[in-house]
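# Structure assessment
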Amino acid sequence: MFRRIRARRERERETAAIQRWHEQITATHTWPLQASTPQQPTDTGRLGARVDDFLPADLRVPGRDEIAGMMMPRRRPLIIDGEVRACPQCGAYRDWIILSTRDEVWLRCRAGHQMLEPRLDTAWYNRNSGPTDAIHATFEDGLKHLGHPAG
Ligand SMILES: [Zn+2]
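A short tour of the structure in this document, coming up.

Reading guide: rules and limits
- Residues numbered from 1 in each chain as written.
- Predicted model: local features only at pLDDT ≥ 70, side-chain atom pairs only at ≥ 80, totals over all residues.
- Helix = DSSP H or I, 4+ residues; strand = E, 2+ residues; numbered from the N terminus.
- Buried ≥ 20, exposed ≤ 12 C-beta atoms within 10 Å, placed from the backbone.
- Contact = placed C-beta atoms within 7 Å.
- Pairing = 2+ DSSP bridges.
- Core = buried A, V, L, I, M, F, W, Y, C linked by C-beta atoms within 7 Å.

### Remarks on the overall build of the chain
If you tally the helices and strands in the chain, you get 3 helices and 8 strands. Ordered by position from the N terminus, the helices and strands of the chain form the series α-β-β-β-β-β-β-β-α-β-α. Counting across all 151 residues of the chain, residues that qualify as buried make up 18%. Counting contacts in the chain only where the partners sit at least 6 residues apart, residues at least 24 apart contribute 58% of the total.

Now the structure itself:
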């Protein structure tokens with residue numbers, strides 16, 4: 001009996017750990033302050049290799065001052081101060097894009113409603129996002145890449 005309870009606790013712990021890990025790997029997507037020279041639309045949305053010569057674009061991570069913002073998807077409900085955050089305009093409560101720009105955190109629902117979330121900040125964003133995994137030429141490219149309609 002005890003053994004069975006212990007086994008179940010073990011499983012629950014594992015599940016929780018896996019969930020935390022999934023949360024942690026929510027990759028961050030960034031877009032630069034200004035799109036450099038106009039580029040052909042490429043499939044990956046990454047910056048072209050001509051941006052800087054000393055490293056291939058895939059290896060190059062722009063400095064903080066070159067980044068206009070960061071974004072990450074959040075499929076699950078977002079709970080802030082114990083309450084589920086819902087879009088005031090359409091009532092959506094999951095499938096957010098969370099944006100971090102100029103020390104502010106913005107939420108964007110699937111319908112494209114965008115709102116400032118003053119209870120969250122860059123520090124929160126950094127705690128909850130994974131490493132940068134893609135750089136998009138524009139904000140709209142990033143949205144599209146994350147499966148959200150742009151505009
Ligand atoms: Zn909405």
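### Here we look at the pairing of strand S1 (residues 28-32)
Counting buried positions along S1 yields 4 of 5 residues, so the element is predominantly enclosed. Note: S1 against strand S2 (residues 67-74), 4 bridges, orientation antiparallel. Within S2, the residue paired with Pro-32 across the bridge is Ile-67.

### Focus on the nonpolar core
Among the nonpolar cores identified, the biggest contains 15 residues, and Met-71, Trp-96, Ile-97, Ile-98 and Leu-99 are the most heavily contacted of them. Listing elements by their share of this core, those giving two or more residues are S2, strand S5 (96-101), strand S6 (104-108) and helix H3 (139-145). Sorting elements by how many residues they give to this core places S5 first, with 4 residues. When near neighbours in sequence (up to four residues on either side) are disregarded, Met-71 contacts His-29, Ile-97, Ile-98, Leu-99 and Gly-142.

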